[in-house]
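Letter by letter, the chains look like this.
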Amino acid sequence: MGVSIYALDEDEPEIDELAYVAPDAVVIGRVKIGPEASVWPGAVLRGDHGYISVGARTSVQDGTIVHCTASYPTIIGDDCVVGHNAHLEGCVVEAGCLIGSGSVTLNRVVIGRGSIVAAGAVLPKGFQVPPGSLVAGVPATVKRSNVDTTWTEGAVQTYIATARHHAAGLRRIG
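Just so it is clear, the model here is predicted, and its values are computed rather than measured.

A. Main features of the overall build of the chain. Summing up its helical and strand segments, the chain has one helix and 20 strands in all. Here the C-alpha atoms of the chain give a radius of gyration of 15 Å, agreeing with the 16 Å that 2.2 N^0.38 yields for 174 residues. Overall, the C-alpha framework of the chain stretches about 45 × 35 × 25 Å when taken along its three principal axes. By residue count, 46% of the 174 residues in the chain fall in the buried class.

Put into structure tokens, the structure is as follows:
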């Protein structure tokens, strides 16, 4: 099974040997993926205008789009879970965050360590999420502080194990 990893001009993705990239994910250009990170089917990480970094043990779920601009790289810290069909563009996600399915995080957004972005939330340009916060809504607002990160920590471990399972046992049959 071939993985869709592409250089763009001189820019080649850097994928740690312990990371897992699903066969039908797409990784292009200036993208760095850390150890034990996982990128799942249908996810697209396109580092063409700038730089994308995915931290250690971070999971980028199915259908997620990660892009950047020349002025604003997209940096996703260690131990994060980025939910299905999320869109991240020119933003910073600090360590230990959960980014909900179907959420949109735009340029210059900074999501503080240990925060949770609710499913479907839209974080407008320049929005700042304090560490340990829950944000939700369209446009997003801070709903709570001092959130419990136990679920996120468990999900990180689950996806490390799931990536190992897929790396060892996934086989194409059709």
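B. Inspection of the nonpolar core at higher detail. Ile33, Leu45, Val93, Ile111 and Leu123 are the most contacted members of the largest nonpolar core, which totals 33 residues. Residue assignment for this core shows that the elements contributing at least two residues are β4 (26–33) and β6 (44–54). Setting aside residues up to four positions removed in sequence, Leu123 forms contacts with Val104, Thr105, Leu106, Val109, Ile111, Val117, Val129, Val135 and Ala140. Core analysis: the next-biggest nonpolar cluster, separate from the first, contains eight residues, Val81, Ile116, Leu134 and Val147 among them.

C. Seen up close, the side chain of Ser38. With respect to the helices, strands and loops of the structure, Ser38 is situated in strand β5 (residues 38–39). Looking at Ser38, its side chain comes within polar contact range of the side chain of Trp40, at 2.8 Å. With sequence-adjacent residues up to four places away left out, Ser38 is seen in contact with Tyr20, Thr58, Ser59, Val60, Tyr159 and Ala163.

D. Expanded view of the packing of aromatic side chains. What the rule picks out here adds up to two aromatic pairs. Ring geometry for Tyr20 and Trp40: centres 5.3 Å apart, planes at 50 degrees, overall tilted. Here Trp40 lies in the loop between β5 and β6 and Tyr20 lies in strand β3 (residues 20–21), a separation of 20 residues in the sequence. Exposure class is identical for Tyr20 and Trp40. Each is buried. Where Trp40 meets Tyr159, the ring centres are 6.0 Å apart and the plane angle is 65 degrees; that geometry is what we call edge-to-face. Separated by 119 residues along the polypeptide, Trp40 in the loop between β5 and β6 and Tyr159 in helix α1 (residues 150–169) bring together distant segments of the chain. Taking relative accessible area as the criterion, Tyr159 reaches 23% and is therefore assigned partly exposed. Counting every residue linked through ring pairs, the aromatic cluster contains Tyr20, Trp40 and Tyr159.

E. Looking closely at a negative patch on the surface. On the surface, Asp9, Glu10, Asp11 and Glu12 cluster together to form a negatively charged patch. Its location among the elements puts Glu12 in the loop between β1 (4–6) and β2 (14–15).

F. Up close: the sheet that holds β5. Read from one edge of the open sheet, eight strands run β3-β5-β7-β10-β13-β16-β19-β20, paired in mixed fashion. Where the open sheet ends on each side, the last strands, each with one partner, are β3 and β20 (141–144). As paired strands, strand β10 (residues 81–82) and strand β13 (residues 98–99) are joined by two bridges and run parallel to one another. Within the sheet, the bridge partner assigned to Val82 lies in β13 and is Ile99.

G. Spotlight on unusual backbone geometry. In this chain, Val138 is followed by Pro139 through a cis amide linkage whose omega measures -5 degrees. Along the polypeptide, Pro139 turns up in the loop between β19 (134–136) and β20. Residues other than glycine seldom take positive phi values, yet Glu36 does so here, at roughly 60 degrees. With respect to the helices and strands, Glu36 occurs in the loop between β4 and β5.

Rules used in this analysis
Residues numbered from 1 in each chain as written. Predicted model: local features only at pLDDT ≥ 70, side-chain atom pairs only at ≥ 80, totals over all residues. Heavy atoms only, no water. Helix = DSSP H or I, 4+ residues; strand = E, 2+ residues; numbered from the N terminus. Rg over C-alpha atoms; globule rule 2.2 N^0.38 Å. Buried < 20%, exposed > 50% of the residue type's maximum accessible area, 1.4 Å probe, protein only. Core = buried A, V, L, I, M, F, W, Y, C linked by side-chain atoms within 4.5 Å. Contact = heavy atoms within 4.5 Å. Polar contact = N/O pair within 3.5 Å; in protein donor to acceptor, adjacent residues only side chain to side chain. Phe/Tyr/Trp six-rings, centres within 6.5 Å; stacked < 30°, edge-to-face > 60°. Patch = residues over 30% accessible without salt bridge, like charges linked within 9 Å, V, L, I, M, F, W, Y side chains within 5 Å. Areas by Shrake-Rupley, 256 points an atom, 1.4 Å probe, with all protein chains shown as cover. Salt bridge = Lys/Arg side-chain N within 4 Å of Asp/Glu carboxyl O. Lys, Arg positive; Asp, Glu negative; His and termini not counted. Charge placed at Lys NZ, Arg CZ, Asp CG, Glu CD. Pairing = 2+ DSSP bridges.

Honestly, it's all geometry; don't read function into it.
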